[in-house]
Amino acid sequence: MNTFPLKPCSFFAVAQILSHGFYVVSLIFTEQIRSGSYICDSYRAVMERWRGRVALVAGASVGIGAAIAVELVRLGMKVVGCARDVGKIQKLAAECQSAGHPGVLVPFKCDLSKEEEILSMFAAIKEQHKGVDVCINNAGLAHPEALLNGKTSGWKNMMDVNILGLSICTREAYQSMKERNVDDGHIININSMSGHRVLPNATTHFYTATKFAVTALTEGLRQELRAEKTHIRATSISPGLVETEFGPRLFKDDPDKAAGLYSEYKPLEAKDVASSVVYVLSAPPHVQIGDIQMRGTEQVS
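First, a word on what this report is: a plain description of the structure on this page. (Residues numbered from 1 in each chain as written. Predicted model: local features only at pLDDT ≥ 70, side-chain atom pairs only at ≥ 80, totals over all residues. Heavy atoms only, no water.)

Here we come to the layout of surface pockets. If a probe as big as a water molecule is rolled over the atoms, it shows which places are left empty. Here the second largest pocket defines a volume of roughly 300 Å³. As for the second largest pocket, its lining consists of 16 residues, and the residues nearest its centre are S167, T170, R171, L221 and E224. At eight residues, the largest contribution of residues to the lining of the second largest pocket is made by helix 5 (residues 152-179). When its residues are assigned to classes, the lining of the second largest pocket shows eight nonpolar, five polar and three charged. (1 Å grid on protein atoms, 1.4 Å probe; cavity = no way out; pocket = protein on both sides within 12 Å on 5 of 7 lines; lining within 4 Å. Points joined across faces, edges and corners; volume = space filled by probe spheres on them. Helix = DSSP H or I, 4+ residues; strand = E, 2+ residues; numbered from the N terminus. Nonpolar A, V, L, I, M, F, W, Y, C, P; charged D, E, K, R; others polar.)

We now examine the side chain of D133. Here D133 shows up in the loop between helix 4 (115-129) and strand 7 (134-137). By relative accessible area, which is 6% here, D133 ends up buried. When neighbours within four sequence positions are excluded, D133 is seen to be in contact with W50, R53, V54, M177, R180, V182, G185 and H186. (Buried < 20%, exposed > 50% of the residue type's maximum accessible area, 1.4 Å probe, protein only. Contact = heavy atoms within 4.5 Å.)

What follows concerns the packing of aromatic side chains. Scanning the model with the defined rule gives two aromatic pairs in all. Ring centres 5.3 Å apart and planes at 5 degrees place the aromatic pair W155 and F206 in the stacked group. Taken together, the residues span a long stretch of sequence, with W155 in helix 5 and F206 in helix 6 (residues 205-227) at a distance of 51 residues. The buried category is assigned to F206, whose relative accessible area is 16%. Their ring planes at 50 degrees and their centres at 5.4 Å tell us that Y207 and F246 sit as a pair that is tilted. Within this pair, whereas Y207 is found in helix 6, its partner F246 is found in helix 7 (residues 246-250), the two being separated by 39 residues in sequence. (Phe/Tyr/Trp six-rings, centres within 6.5 Å; stacked < 30°, edge-to-face > 60°.)

At a closest axis distance of 9 Å, the pairing of helix 5 and helix 6 adopts a crossing angle of 15 degrees. Put simply, helix 5 runs roughly parallel to helix 6. Regarding helix 5 and helix 6, the two cross each other, and that crossing is right-handed. Between helix 5 and helix 6, the contacting residues are W155, M158, M159, N162, I163, L166, S167, T170 and Y174 on the first element and F206, Y207, T210, A213, V214, L217, L221 and L225 on the second. Looking at the contact of helix 5 with helix 6, its residues break down into 13 nonpolar, four polar and no charged. (Axes fitted to C-alpha atoms, helices over the stretch in contact; angles between N-to-C directions. Parallel < 35°, antiparallel > 145°, perpendicular 65-115°, else oblique. Left-handed = near helix turned anticlockwise from the far one by under 90°.)

I68, L72, V79, I136, I190 and I237 are the most contacted members of the largest nonpolar core, which totals 40 residues. Elements that contribute at least two residues to this core include exactly strand 4 (54-58), helix 2 (63-74), strand 5 (78-83), helix 3 (86-99), strand 7, strand 8 (186-190), helix 9 (270-281) and strand 10 (291-294). For this core, the element with the most residues is helix 2, which contributes eight residues. Residue contacts for L72: discarding those within four places in its chain leaves M47, A55, V57, M77, V79, I136, V278 and L281. (Core = buried A, V, L, I, M, F, W, Y, C linked by side-chain atoms within 4.5 Å.)

Right, let's talk about the sheet that holds strand 10 for a bit. Spatial ordering of the open sheet is given by 6-5-4-7-8-9-10, a layout of seven strands whose pairing is parallel. The strands lining the two open edges of the sheet, one partner per strand, are strand 6 (104-109) and strand 10. Sheet twist, expressed as the mean angle between neighbouring strand axes with direction ignored, is 15 degrees. Pairing between strand 4 and strand 7: four bridges, direction parallel. (Pairing = 2+ DSSP bridges.)

Listed below in structure tokens is the structure:
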């Protein structure tokens, strides 16, 4: 039996010549897993252009945002991670430093439902780090408020964070890039599969509407950036069910439903979404990835 190795990215193909003359090709994962990282060497190479540059990750204290922040620090970026609970980000920053990652995580306390706090944060980033090169709008929340009997306060909170907070961060990030003549920046909206279909679940209908808005906002942003003749890119990443604190928070008043949320099938993990962010950022400057839709393999809807 003869074999030959090829090594694109973190995989290599092994073709085995069997006695009956057929080739069997196996893909073998060979990347050394360092502190949980699954980012391949090829991505590390193309990500060099982002090394030392500034990324804002909104909602960086837990889940997807925390995974994104740590991965970008691992790849050498200066990451401003913001959330209301800044203590968790401070802990992540210490872990990144202890691990010897080449980048740095800068914690910043910010309530993304309040414009004045967002503007204050961008002013601080300008003063301390010159500005933002990458903006990752990850903050988002859901309340189980149905359309027929939901509380207006819950609807408003979802709109304030999922739509207005995202839009304010996007506007301020673009202005930061423009005033510094940054022509290769990137704005990434962590969307949801709920921004592309409506499930028969009354508790998530209003949340779904906010995510449909994110889909429209991302495409509108892309069109406006083209009209400005800039090469700043806009991307929406739409995961299905991800095993994070999101579900238990949504169903905090229904422990049984919260407990069973991730037991029906294998959901995505936060690091899967983080990997998709790195993939998007690593695309050549002439390539714009508009939308990534991703689900766990066993997820139906």
